[in-house]
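Overview (structure and organization)
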Amino acid sequence: WNGGPEKTATATIMIMGDTCTRGCRFCSVKTSRAPAALDPDEPRRTAEAVAQWGLDYVVITSVDRDDVSDQGAAHVAETVRRTKA
């Protein structure tokens, strides 16, 4: 985040929870084979937050969700669609 006059306001947001279904050695995100269900309201809430923050750029990242049939692709796509709207 580096907003203000003549600076670019940026943020990175991690979606799909705080628990990954993998266990990569280089990563410090929590791991579980059965994390909590995806929040169906997260795409809307994420888009609203980004709009309120007045960012120039946002990076949307996520945990891996091998427990979801499409690995969360539809959830990510909906978050991006709503954020860009």
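So, here's what we can say about the structure. Since the structure is predicted, the reported quantities are computational estimates derived from the model, not experimental observations. (Residues numbered from 1 in each chain as written. Predicted model: local features only at pLDDT ≥ 70, side-chain atom pairs only at ≥ 80, totals over all residues. Heavy atoms only, no water.)

Observations regarding the side chain of E42
Mapped onto the elements of the fold, E42 is located in helix α1 (residues 42-53). One buried charged residue, E42, forms no salt bridge at all, with the nearest opposite charge on R45 at 5.2 Å. (Helix = DSSP H or I, 4+ residues; strand = E, 2+ residues; numbered from the N terminus. Buried < 20%, exposed > 50% of the residue type's maximum accessible area, 1.4 Å probe, protein only. Lys, Arg positive; Asp, Glu negative; His and termini not counted. Salt bridge = Lys/Arg side-chain N within 4 Å of Asp/Glu carboxyl O.)

Some details on the nonpolar core
Core analysis: the largest hydrophobic core is formed by 9 residues, namely A9, A11, I13, I15, M16, C20, V50, L55 and V63. Sorting elements by how many residues they give to this core places strand β1 (residues 10-15) first, with 3 residues. If we skip the residues at most four places from it in the chain, I13 touches T46, V50, W53, V58, V59, I60 and T61. (Core = buried A, V, L, I, M, F, W, Y, C linked by side-chain atoms within 4.5 Å. Contact = heavy atoms within 4.5 Å.)

Quick look at unusual backbone geometry
Located in the positive-phi region is M16, a residue other than glycine, with phi close to 70°. Note on placement: M16 falls in the loop between β1 and β2 (19-20). Relative accessible area serves as the criterion here: at 3%, M16 is assigned to the buried category. One non-glycine residue, Q71, lies in the positive phi region at around 60°.

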